[in-house]
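Residue-level listing of the chains:
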Amino acid sequence: MPKIPSIYQSGRHFLQIPGPTNVPDRILRAMSQPTIDHRGPEFATLGLECLEGLKAVFQTKTGKVIIYPASGTGAWEAAIVNTLSPRDCVLMFETGHFATLWRKVAQNFGLDVVFVPGDWRHGIDPVVVETKLREDSSHKIKAVMCVHNETSTGVTSRIGEVRKAMDAARHPALLMVDTISSLASIDYRHDEWKVDVCVAGSQKGLMLPPGLSFNAVSEKALAASKQASLPRSFWSWVEMLGPNEQGFFPFTPATNLLYGLREAIQMLVHEEGLPNVFRRHDRLAAATRCAVRAWGLELLCLEPHEFSSSLTAVTLPEGFSEIDFRRVVLENYNLSLGSGLGKLRGKVFRIGHLGDLNDLMLCGALCGVEMGLGKFGVPHRKGGVAAALEFLARGDSS
Ligand SMILES: *Cc1c(COP(=O)(O)O)cnc(C)c1O
């Protein structure tokens, strides 16, 4: 028999994992409306508002947005099966656990993956991108596939510079980018960076429950999809784009999640404004790093210009398991922290600071970490929370 928790934990649970993130009450209320006829006139308005609003979130005017009732992993698969053919060569980078999982999807479809090794503490090196593409003079590589924000490590790759490297090498490969933990948290510019396929999900920066994922697709990717021969049915862009013209879907959409999505777009794009959303994330991330440094703990990310604004991964000293630490924090302070993924299991915990969050919520979470370090007996200095408070009170975003 599973053990039933016998202690009621009062107050709000602190969900500080890097996705799923806190869902604002406004979004929960927006979703709790009756489900409507997905072939009726009222639905068409909802569908068009979501598809149009998402373009602003991806910062695209010319791209098409696709909405799937699936987790982000589905949108990974969609990016592949719509654009590539069996045995095509693709270039990927071992930035961490999620890059490694995406590679596995590509391999499962019979693609030939060139996987540039990495130490899980750095982002993609644009110089390596340029070198690899220049070496490929016969243009065997059909796609360069990048994770924008590596959620397992708290390292953000510079996609604008990756694009510049591709242009410098004059290579025609498609650029595909996973923004599942960066979209609506960290600046992502679909048109400016000429990204061909963007992959995103609902449960991180968009502040929605899990269950939706997205592709944002360029003209070039749509053209590639006409030639590509991997089999596709559910994920087919062409099947989707036809009915989408009128705001409809080829199968039953996740109507109530779309109510939530419409509300999230209203909040992020029309009320707070994306530049302010990015600034808020930068600031909360910087405050978190102040706390980690003051505790005397080590940040996993080694490059200051690659620090993630969505989450911070922190290394625990030898002999202290992240798994036990997080259990102590959860049981004592009702705070969920992110676990160590893949080869970081047992060694690294992650503080999510993306989505619907403000100064006081962040400080509550940092208090939980600081008290947890004390309770678990991790050698550290006090004063992390105080350092974060001081930073936040100064009011800058450096
Ligand atoms: C969360 C995440 C995924 C996986 O998405 P699911 O919704 O769990 O399928 C993939 N890539 C990145 C960067 C993520 O953060």
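Here, the structure is the one placed above.
Quick look at the structure, then. (Residues numbered from 1 in each chain as written. Predicted model: local features only at pLDDT ≥ 70, side-chain atom pairs only at ≥ 80, totals over all residues. Heavy atoms only, no water.)

### Describing the site of the ligand
Neighbouring the ligand are 13 residues, the closest being Ser 71, Thr 73, Thr 151, Asp 178 and Lys 204. Taking Gly 72, its main chain carries an N or O atom lying 2.8 Å from an oxygen atom of the ligand. Thr 151 is positioned with one of its side-chain polar atoms (N or O) 2.4 Å from an oxygen atom of the ligand. Protein burial of the ligand: of its 390 Å² of free accessible surface, 87% is covered by the chains. With three residues, helix H3 (residues 72-83) is the single largest residue contributor to the shell around the ligand. The class makeup of the residues in the shell around the ligand is four nonpolar, seven polar and two charged. (Near = heavy atom within 4 Å. Polar contact = N/O pair within 3.5 Å; in protein donor to acceptor, adjacent residues only side chain to side chain. Areas by Shrake-Rupley, 256 points an atom, 1.4 Å probe, with all protein chains shown as cover. Helix = DSSP H or I, 4+ residues; strand = E, 2+ residues; numbered from the N terminus. Nonpolar A, V, L, I, M, F, W, Y, C, P; charged D, E, K, R; others polar.)

### Focus on the environment of Arg 12
Mapped onto the secondary structure, Arg 12 falls in the segment before strand E1 (14-16). The sequence separation of Arg 12 and Asn 334 amounts to 322 residues, and the corresponding C-alpha distance is 7.9 Å. When neighbours within four sequence positions are excluded, Arg 12 is seen to be in contact with Asp 25 and Asn 334. In terms of polar contacts, Arg 12 uses its side chain to reach the side chain of Asp 25, at 3.1 Å. (Contact = heavy atoms within 4.5 Å.)

### What about the packing of aromatic side chains?
All chains considered together, the criterion is met by eleven aromatic pairs. On the numbers, 6.1 Å between centres and 80 degrees between planes, the contact of Phe 43 with Phe 249 is edge-to-face. Of this pair, Phe 43 sits in helix H2 (residues 41-58) while Phe 249 sits in the loop between helix H8 (237-244) and helix H9 (255-272), and the two are 206 residues apart along the sequence. Accessibility assignment for this pair places Phe 43 and Phe 249 in one class, buried. Note on Phe 320 and Phe 376: the rings are 6.1 Å apart at their centroids and 75 degrees apart in plane angle, and the pair reads as edge-to-face. Here Phe 320 is found in the loop between strand E12 (311-315) and helix H11 (322-333), whereas its partner Phe 376 is found in helix H12 (residues 359-376), with 56 residues between them in sequence. Using a relative accessible area of 23% as the deciding quantity, one classes Phe 320 as partly exposed. (Phe/Tyr/Trp six-rings, centres within 6.5 Å; stacked < 30°, edge-to-face > 60°. Buried < 20%, exposed > 50% of the residue type's maximum accessible area, 1.4 Å probe, protein only.)

### With respect to the pattern of salt bridges
Scanning the entire structure with this criterion turns up 18 salt bridges. Between Glu 130 and Arg 134 there is a salt bridge, with its nearest N and O atoms 2.8 Å apart. Of this pair, Glu 130 and Arg 134 both sit in helix H5 (residues 126-135), four residues apart, roughly one helical turn. Residue classification places Glu 130 among the partly exposed positions, given a relative accessible area of 23%. Between Asp 167 and Arg 163 there is a salt bridge whose closest N-O contact spans 3.0 Å. (Salt bridge = Lys/Arg side-chain N within 4 Å of Asp/Glu carboxyl O.)

### A closer look at the state of the cysteines
Per the stated rule, a full pass over the model turns up zero disulfides. Just so you know, Cys 50 is unpaired, no disulfide at all, and the nearest cysteine sulfur is the one on Cys 198, 17 Å from it. Counting only cysteine sulfurs, Cys 363 is the nearest neighbor of Cys 367, a cysteine outside any disulfide, at a range of 6.7 Å. For Cys 367, a relative accessible area of 31% translates into the label partly exposed. (Disulfide = S-S within 2.5 Å.)

### A closer look at the sheet that holds strand E3 (residues 89-93)
Pairing in this open sheet of seven strands is mixed, and the strands run E2-E10-E9-E8-E5-E3-E4 from one edge to the other. At either margin of the open sheet sits one strand with a lone partner, and together these are strand E2 (64-68) and strand E4 (112-116). The average undirected angle you get between the axes of adjacent strands in this sheet is 20 degrees. Examined bridge by bridge, E3 and strand E5 (residues 141-147) share four bridges and lie parallel to one another. For Cys 89, the partnering residue across the bridge sits in E5 and is Ile 141. The sheet contacts of helix H6 (residues 159-168) involve E5 and strand E8 (174-178), and relative to E8 the element is tilted by about 165 degrees. (Pairing = 2+ DSSP bridges. Axes fitted to C-alpha atoms, helices over the stretch in contact; angles between N-to-C directions.)

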